[in-house]
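# A look at the structure
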Amino acid sequence: MQEASVRYSIKGSLEKDDTSIGVDALQPFLIHSIPEQTTTERREDITEQIKTFGCFPRGNMTVSVSINKSCYRHDDILGLKIEITNMTPLVCKNIIAVLFRKLKVLANRSQRNIRTKEYMLEFEDVPSGEKLTFKRDIDLRTLEILPTTNSRNIKCNYVLAVRCDVPFATSIDATLPVTMVLEPDDDYDKKLPPEQLYKPWKN
């Protein structure tokens, strides 16, 4: 397994009397995007006619998926709500919600796509003619969250995918994009190793 990292630093030089003097100290710094942050929930509603074996109509099923915000910090709690209305004579089974991280890396003219399953939840069946609501929390503090990134060489995005299976019929899939934002706290500089702290260059 190969690992890579992207780091930024500034290296300075000084010219005096037509003589260039190198400055040995390197000052690392943090660069990150700041997505538009909002507390507005994200929601998707899907209503499908359920057909067994692809041709026999058995009624409609509605799946509504929502998350309490559209943008999260690494120390947030993601609130998930799923509502399923089953107006068919069948049982809705194998209901799962998965938080995926989709990473796309471009290097040396080659592209690599990596999708990892960060978190998964399972839910109880929804009987015929019933409407059930499920509420779950995902503690992002327990996960290794990378910030949402959309640069030329690296793209990192998250989606929350919900799947509901009906026996002998097609499944219903709903997806919501999830934005993760990196926000260094006020003590970020204090947590750097001593050799990375800013030291003014003196003559």
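Residues numbered from 1 in each chain as written. Predicted model: local features only at pLDDT ≥ 70, side-chain atom pairs only at ≥ 80, totals over all residues. Heavy atoms only, no water.

### Some remarks on the pattern of salt bridges
- A complete count under the given rule lists eight salt bridges for this structure.
- Taking the shortest distance from any N to any O, the salt bridge between Arg43 and Asp45 comes out at 3.1 Å.
- On the accessibility criterion, Arg43 (41% relative accessible area) is partly exposed.
- With a relative accessible area of 47%, Asp45 lands in the partly exposed category.
- For Glu83, the salt bridge is made with Lys81, and the minimal N-O distance between the two is 3.6 Å.
- For Lys81, a relative accessible area of 28% corresponds to the partly exposed category.
- Residues joined in a network through salt bridges with shared partners are Arg43, Asp45, Lys81 and Glu83. (Salt bridge = Lys/Arg side-chain N within 4 Å of Asp/Glu carboxyl O. Buried < 20%, exposed > 50% of the residue type's maximum accessible area, 1.4 Å probe, protein only.)

### A few points about the sheet that holds strand β4 (residues 56-67)
- An order of β3-β4-β6-β9 is seen for the four strands of this open sheet, with the pairing classed as antiparallel. Because the sheet does not close on itself, it has two edges, and the strands there are β3 (42-52) and β9 (131-139). Neighbouring strand axes in the sheet, compared pairwise and without regard to direction, differ in orientation by 15° on average.
- Judged from the nine bridges that link them, strand β6 (residues 77-86) and β9 form a sheet pairing that is antiparallel. Residue pairing across strands places Ile82 opposite Phe134, the latter belonging to β9. (Pairing = 2+ DSSP bridges. Helix = DSSP H or I, 4+ residues; strand = E, 2+ residues; numbered from the N terminus. Axes fitted to C-alpha atoms, helices over the stretch in contact; angles between N-to-C directions.)

### As for the environment of Met120
- Here Met120 shows up in strand β8 (residues 110-123).
- On the basis of relative accessibility, which here comes to 36%, the residue Met120 falls in the partly exposed class.
- Once the C-alpha coordinates of Met120 and Val162 are considered, the two residues, 42 residues apart in sequence, prove to be 9.7 Å apart.
- Among all residues touching Met120, those that are not within four sequence positions of it are Ala97 and Val98. (Contact = heavy atoms within 4.5 Å.)

### Examining the nonpolar core
- The biggest cluster of nonpolar side chains holds 35 residues, and the ones touching the most others in it are Leu80, Ile82, Ile84 and Val178.
- Of all the elements in the fold, those that place two or more residues in this core are β3, β4, β6, β7 (93-107), β8, β9, β11 (154-165) and β12 (172-181).
- Not counting residues up to four positions away in its chain, the partners in contact with Ile84 are Met61, Thr62, Val63, Ile95, Val126, Glu130, Lys131, Leu132, Phe134 and Cys164. (Core = buried A, V, L, I, M, F, W, Y, C linked by side-chain atoms within 4.5 Å.)

### A closer look at the confidence of the model for the protein chain
- In the predicted model, the protein chain carries a mean pLDDT of 82, and 71% of its residues have values of at least 70.
- pLDDT under 50 marks residues 196-203. Its contacts with residues more than four places away, or in other chains, come to eleven contacts. (pLDDT = per-residue confidence, 0-100.)

### Quick word on a nonpolar patch on the surface
- Together, Phe53, Phe56 and Phe168 give the surface a local cluster of nonpolar side chains, amounting to about 410 Å² of exposed area.
- Within the secondary structure, Phe168 is located in the loop between β11 and β12.
- The exposure class of Phe168 is exposed, given its relative accessible area of 61%. (Patch = residues over 30% accessible without salt bridge, like charges linked within 9 Å, V, L, I, M, F, W, Y side chains within 5 Å. Areas by Shrake-Rupley, 256 points an atom, 1.4 Å probe, with all protein chains shown as cover.)

### Focus on a positive patch on the surface
- A cluster of basic residues, Lys102, Lys104, Arg115, Lys117 and Lys155, forms a positive patch at the surface.
- Listing elements by their share of the positive patch, those giving two or more residues are β7 and β8.
- Position of Lys117 among the secondary structure elements: in strand β8. (Lys, Arg positive; Asp, Glu negative; His and termini not counted. Charge placed at Lys NZ, Arg CZ, Asp CG, Glu CD.)

### Let's talk about the environment of Ser171
- Looking at the element boundaries, Ser171 is found in the loop between β11 and β12.
- Exposure remark for Ser171: the relative accessible area of 21% places this residue in the partly exposed category.
- Through-space distance from the C-alpha of Ser171 to that of Lys93 is 9.6 Å; in sequence the pair is 78 residues apart.
- Discounting chain neighbours no more than four positions away, the residues touching Ser171 are Glu48, Arg163, Cys164 and Asp165.
- Among the polar contacts listed, one links the side chain of Ser171 to the side chain of Asp173, at a separation of 3.5 Å. (Polar contact = N/O pair within 3.5 Å; in protein donor to acceptor, adjacent residues only side chain to side chain.)

### Here's the deal with the pairing of β8
- Looking at chain direction, β7 and β8 are connected through 13 bridges and run antiparallel. Within β8, the residue paired with Val98 across the bridge is Met120.
- Remark: two residues form the turn of the hairpin made by β7 and β8, two consecutive strands paired antiparallel; Asn108 in that turn has positive phi of roughly 50°.

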